[in-house]
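# Observations on chain architecture
The residues making up each chain are set out below.
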Amino acid sequence: MSREAELAVVAPVARSGGRRSWAWLGITPFFLFTVLFLILPTLDLVVGAFQTPDGSFTLDNIARLNQPTIVSAYWISIQVSVASALLGALAGFVIAYAVVLGKLPRPLRPFVTTFSGVASQFAGIPLAFAFLATLGPTGLVTALLDQYAGINLRALGFNLLSFWGLTITYLYFQIPLMVLILMPALDGLRKEWREAAAILGATPWQYWRHVAFPVLWPSLLGATILLFANAFGAVATAYALTGSSLNIVPILLYAQIRGDVLHDPHLGYALALGMILITGLANVGYIWLRQRGERWIK
Amino acid sequence: MGFLDLEGVRKVYGANTVVRNFNLSIQRGEFISFLGPSGCGKTTTLRMIAGFEIPSAGTIRIDGRDVTELKPNQRNVGMVFQSYALFPNLTVAENVAFGLKVARRPKDEIARRVAEMLAIVKLPELGDRYPYQLSGGQQQRVALARALAVKPTVLLLDEPLSALDAKIRISLREEIRSLQRELDITTVYVTHDQEEALSMSDRIVVMSDGRVEQIGTPFEVYNYPATRFVASFVGTLNILDARIVDPASGRVVIDGQEVIAGRGVNGAGVGEVRPMALRPEAITLDGGNGDRNRMQGTIEEVAFLGAVVRIRVRFGENAVLLDTFNNPGVAPPPRGSRAEVSFGRDDLLLLQDSAAD
């Protein structure tokens, strides 16, 4: 019997549930990776947040989060994340809309998709240096604007090593991420809905208000929250760009665990726990809102 | 001038002409079907009436008003889509109310109209459900209620039943037709299903390759197809190649046997070979009597279909299918046996190859 014939005979038996599926073997590395590098470290830091260096239980690490430097770090982190998520969502939506529904030339779409795929993963030290080289105090764009347009960014109050500088840098990967997530969602808006609304007398705005936005709402919300979490956890870009001049939680956390004079890993665990709680709350909010938004979907 | 007029309407995409010189005048309250295969231009024509496509040339008038360049939301036309196109985030009642809501009608008027429409489509209890909670047939009823709620002057239906199973399709087409008669609304119905078109329409527009092949009542289109395409697309029609002997008397020769086309073969020249149409149900498997045409052939195939027995008789190059009712007392003739068939002289029709552009 040929190999193909054997498979044809065996396949129905496997599907009927009579035999153990080997498919589980395929996803085992994923589960193993998740357990080793996500679940166990998370549990370790949750436990560590409630321990003293000698291993006994304490709430002191948590209590020490309530100091002005740390509260301020959380607040700035949240602000940067919210700002970059909202601006990224807005810009990403406009780009995705233009590409998917804007009747632009067809070849533009694969170009935008490919660029977004690359740009959404372009973060960390290379991105920081790219921005320093362009929008930094002696960056190319800064110099060109000053020389040819008479625009002195520094005189206008712009500083790359600041809140808005970091937000703009984050937007480099936030916008393409939003584009990638939203394009399939916009594809899901059926042309017939728009036509049905139009022939019933609706203006394009009425169609968007009553049909398209409510249908897109879960995707928009989910993507924005994802962008928030993406920015909230980013450390390499922020550290490479601002060093320690901008007080955000990932940089503070990094300072506690890297082993210099501030070395206090248990405070670091508590800081990380705080980050987990904030992103966790964001996700709970997302799930709740999404369930409300999707109650009409099977 | 009719209630809905299309005059010289054309639609061109690049080098591709999808609708050619379409002329049609539809009377108020009339039910018209556009019938044809995929790609024949029927949906494009419907979409031009709806305002989703702008004609490359020609004029569309509704109740005397030129709507050719108007947007869909300025035409007061209702449309039912093949895929229902119900808004998934709105309940049944909200879907039906949509057109009235965007027109900013008073809330009590909207509620009254929604209840009325849901009662008309026999779904009065389902107002709170979402589209995904309904069957395909129910969704299409809601789509119909939604289209009619705004009291459109013309109702357009784009293959509304093609996604439904056969049983629902038959019951729903009867309901659509009776509702259309009750509301006396001018209706254009697009379908590729000839049975649907024949059973529902006041008139049928048969289309092929962007052109109108024939416009007529179901009786006319079925019994007197104007072109070879109509003959082959509507019903099961035998098409025979006949050599013209005498155009005035209608004498023609098919595979060496002379017969007469009672309606004449005017326009054909002596000696030309032209297509002739003959309905299966017009042929009987006997010599017949009186002045019927008679032809001798060989039984080539016998298909028992239950109540009907379909027999193919070959004369030579040409063959015909004929239907006879099943008679338990008489077995169908065996394959290979000789047989004589007969048909009325008026049943043999000369076909044009295609309609002019």
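Residues numbered from 1 in each chain as written. Chains lettered and ligands numbered in written order. Predicted model: local features only at pLDDT ≥ 70, side-chain atom pairs only at ≥ 80, totals over all residues. Heavy atoms only, no water.

## Looking at the overall build of chain B
Quick reminder of the rule: Helix and strand labels come from DSSP, where a helix needs a run of H or I of at least four residues and a strand needs a run of E of at least two; each type is numbered from the N terminus. Think of it in three bands: with a 1.4 Å probe and only protein chains considered, a residue is buried below 20% of the maximum accessible area for its type, exposed above 50%, and partly exposed in between. Two residues form a contact once any of their heavy atoms are found within 4.5 Å. Using a 1.4 Å probe, the Shrake-Rupley method yields the accessible areas, and only the shown protein chains count as cover for residues. Just so you know, the count uses Lys and Arg for positive and Asp and Glu for negative, and it drops His and the chain ends. To locate a charge, take atom NZ for lysine, CZ for arginine, CG for aspartate or CD for glutamate.
Within chain B, the secondary structure is distributed over eight helices and 20 strands. When its C-alpha atoms are laid out on the principal axes, chain B stretches across 75 × 50 × 35 Å. The buried share among the 357 residues of chain B stands at 51%. Residue pairs at least 24 apart in sequence account for 67% of intrachain contacts in chain B once pairs closer than 6 positions are excluded. Of the roughly 15500 Å² of accessible surface on chain B, a fraction of 48% belongs to carbon and sulfur atoms. With 42 positive and 44 negative side-chain charges, chain B shows a spacing of 4 Å between the two charge centroids.

## Topic: the pairing of strand 7 (residues 154-158) of chain B
Across a regular strand the side chains alternate sides, sitting on one face of the sheet and then on the other. Residue and element names in this part refer to chain B. Heads up, the rule is: Only strands that DSSP links by at least two bridges are regarded as paired with each other.
Summarising burial for strand 7: five of the five residues are buried, a large majority. Burial of the side chains of strand 7 extends over both faces: Val 154, Leu 156 and Asp 158 are buried on one face and Leu 155 and Leu 157 on the other. Sheet topology note: the strand 6 (residues 77-80)/strand 7 ladder contains four bridges and is parallel. Across the sheet, the residue bridging to Val 77 is Val 154, located in strand 7. For strand 7 and strand 8 (residues 186-191), the ladder comprises five bridges, and the chain directions are parallel. By the bridge assignment, Leu 156 is partnered in strand 8 with Val 188.

## As for a nonpolar patch on the surface
All names here are of chain A. For the record, the criterion: Here a patch means residues that are over 30% exposed by relative accessible area and free of salt bridges, tied together within 9 Å if like-charged and within 5 Å if nonpolar (Val, Leu, Ile, Met, Phe, Trp, Tyr). Any Lys or Arg side-chain nitrogen found within 4 Å of a carboxyl oxygen on Asp or Glu counts as a salt bridge.
Taken together, the side chains of Leu 32, Phe 33, Val 35, Leu 36, Phe 37, Leu 38, Ile 39, Leu 40 and Leu 43 define a hydrophobic patch exposed on the protein surface, amounting to about 890 Å² of accessible area. Relative to the assigned elements, Leu 40 resides in helix 2 (residues 23-48). Residue Leu 40 is classed as partly exposed on the basis of its relative accessible area of 44%.

## Section: the side chain of A:Ser120
Residues and elements named next belong to chain A. The condition that has to hold: Polar contact is the term for a pair of N or O atoms within 3.5 Å; when the atoms are in protein, one must be able to donate a hydrogen and the other to accept it, and sequence-neighboring residues count only if both atoms are side-chain atoms.
Structurally, Ser 120 can be placed in the loop between helix 5 (108-119) and helix 6 (125-135). Within the local environment of Ser 120, its side chain forms a polar contact with the backbone oxygen of Gly 117, the two atoms lying 3.1 Å apart. Look past the residues within four positions of Ser 120 in its chain and what remains in contact with it is Phe 173, Pro 176, Leu 177 and Leu 180.

## Structural notes on the packing of aromatic side chains
Filter applied, for reference: Here a Phe, Tyr or Trp ring, Trp counted by its six-membered ring, pairs with any other such ring whose centre lies within 6.5 Å, and the pair is stacked when the planes are under 30 degrees apart, edge-to-face when over 60, and tilted otherwise. Note on geometry: a ring has a charge over it if NZ (lysine) or CZ (arginine) is within 6 Å of the ring centre and within 35 degrees of the ring normal.
According to the stated counting rule, one finds 22 aromatic pairs over all chains in the structure shown. On the basis of an interplanar angle of 45 degrees and a centroid distance of 5.5 Å, the ring pair of A:Tyr170 and A:Phe173 is categorised as tilted. One end of the pair, A:Tyr170, and the other, A:Phe173, are both in helix 8 (residues 163-187), three residues apart, so they sit about a helical turn from each other. For the residue pair A:Tyr170 and A:Phe173, the accessibility class agrees, reading buried in each case. With a centroid separation of 5.0 Å and an interplanar angle of 75 degrees, the aromatic rings of A:Tyr239 and A:Tyr254 are classed as edge-to-face. Note that A:Tyr239 is positioned in helix 11 (residues 236-242) and A:Tyr254 in helix 12 (residues 249-257), a separation of 15 residues in sequence. Under the relative-accessibility criterion, A:Tyr239 is labelled partly exposed at 29%. A residue is classified by how much of its surface remains accessible, and A:Tyr254, at 35% relative accessible area, is partly exposed. One aromatic cluster in this structure is built from A:Phe93, A:Tyr97, A:Tyr207, A:Trp208 and A:Phe213. Directly above the aromatic system of B:Phe87 lies the positively charged group of B:Arg146, at a separation of 4.6 Å from the ring centroid.

## Some points on the sheet that holds strand 19 (residues 338-343) of chain B
All names here are of chain B. A sheet is described by the order of its strands in space; here five strands give the open sequence 15-19-16-17-18, paired in antiparallel fashion. The outermost strands of the open sheet, each flanked by one partner alone, are strand 15 (283-284) and strand 18 (319-325). Both strand 16 (residues 293-304) and strand 19 contribute to a ladder of six bridges, which runs antiparallel. Across the sheet, the residue bridging to Arg 294 is Ser 342, located in strand 19.

## Remarks on the sheet that holds strand 5 (residues 65-66) of chain B
Residues and elements named next belong to chain B. Stated formally: Axis angles are defined between N-to-C directions and span 0 to 180 degrees, where every axis is a line fitted to C-alpha atoms and, for a helix, only to the segment in contact.
The strand order 2-1-4-5 describes an open sheet built from four strands, whose pairing is antiparallel. Lying at the two open borders of the sheet, with one neighbouring strand each, are strand 2 (16-26) and strand 5. Pairing between strand 1 (residues 4-13) and strand 2: seven bridges, direction antiparallel. Paired with Val 12 across the strands is Thr 17, a residue of strand 2. Against the sheet, helix 1 (residues 42-50) makes contact with strand 1, strand 2 and strand 4 (57-62), and its axis sits at roughly 115 degrees relative to strand 1, the strand it touches most.

## Examining the interface of chain A and chain B
In this complex, chain A contributes 22 residues to the contact, which on the side of chain B involves 25 residues. Linking chain A to chain B there are one salt bridge. A salt bridge links B:Arg47 to A:Glu195; its shortest N-O distance comes to 2.5 Å. Taken together, the links from chain A to chain B amount to seven residue pairs in polar contact (both at pLDDT 80 or more). Mapped by element, the contributors of at least two residues to the side of chain A that touches chain B are helix 9 (191-199) and helix 10 (204-232) of chain A. No other element matches the eight residues that helix 9 of chain A contributes to the side of chain A that touches chain B.

## Structural notes on a negative patch on the surface
A grouping of B:Glu281, B:Asp291, B:Asp346 and B:Asp347 is seen on the molecular surface, where their side chains present a negatively charged patch. The topology assignment puts B:Asp346 in the loop between strand 19 and strand 20 (349-350).

## Examining the layout of surface pockets
Residue and element names in this part refer to chain A. The following threshold applies: Space inside and on the surface of the protein is sampled on a 1 Å grid over the protein atoms alone, with a cavity defined as a set of points where a 1.4 Å probe fits but cannot get out and a pocket as an open set with protein on both sides within 12 Å along at least 5 of 7 lines; lining residues have an atom within 4 Å of a point. Grid points are joined across faces, edges and corners, and a volume is the space filled by probe spheres set on the points.
Counted as a void, the largest pocket has a volume near 840 Å³. Forming the walls of the largest pocket are 22 residues, and the residues nearest its centre are Leu 101, Lys 103, Lys 191, Arg 194 and Glu 195. At the level of secondary structure, the elements contributing two or more residues to the lining of the largest pocket comprise helix 4 (68-100), helix 9 and helix 10. Here the element with the most residues in the lining of the largest pocket is helix 9; it accounts for five residues.

## Description of the nonpolar core
Here is the rule: For the purposes of this section, nonpolar cores are sets of buried Ala, Val, Leu, Ile, Met, Phe, Trp, Tyr and Cys residues that join through side-chain atoms within 4.5 Å.
Ranked by internal contacts, the top residues of the largest apolar core, which has 90 residues, are A:Leu189, B:Leu4, B:Phe22, B:Phe34, B:Phe87, B:Phe98 and B:Leu156. Residue contributions to this core peak at 13 residues, all from helix 10 of chain A. Membership of the second largest hydrophobic core comes to 33 residues, among which are B:Phe31, B:Val96, B:Met117 and B:Leu172.

## Some thoughts on the confidence of the model for chain A
Residue and element names in this part refer to chain A. In plain terms, the rule: The predictor rates its confidence in each residue with pLDDT, a number between 0 and 100.
The predicted model of chain A averages 85 in pLDDT, with 90% of residues at 70 or higher. Least confident of the elements in chain A is helix 1 (residues 3-15), whose mean pLDDT is 42; most confident is helix 9, at 95. Note that residues 1-16 has pLDDT below 50 and, in this model, five contacts with residues that lie over four places away or in other chains.

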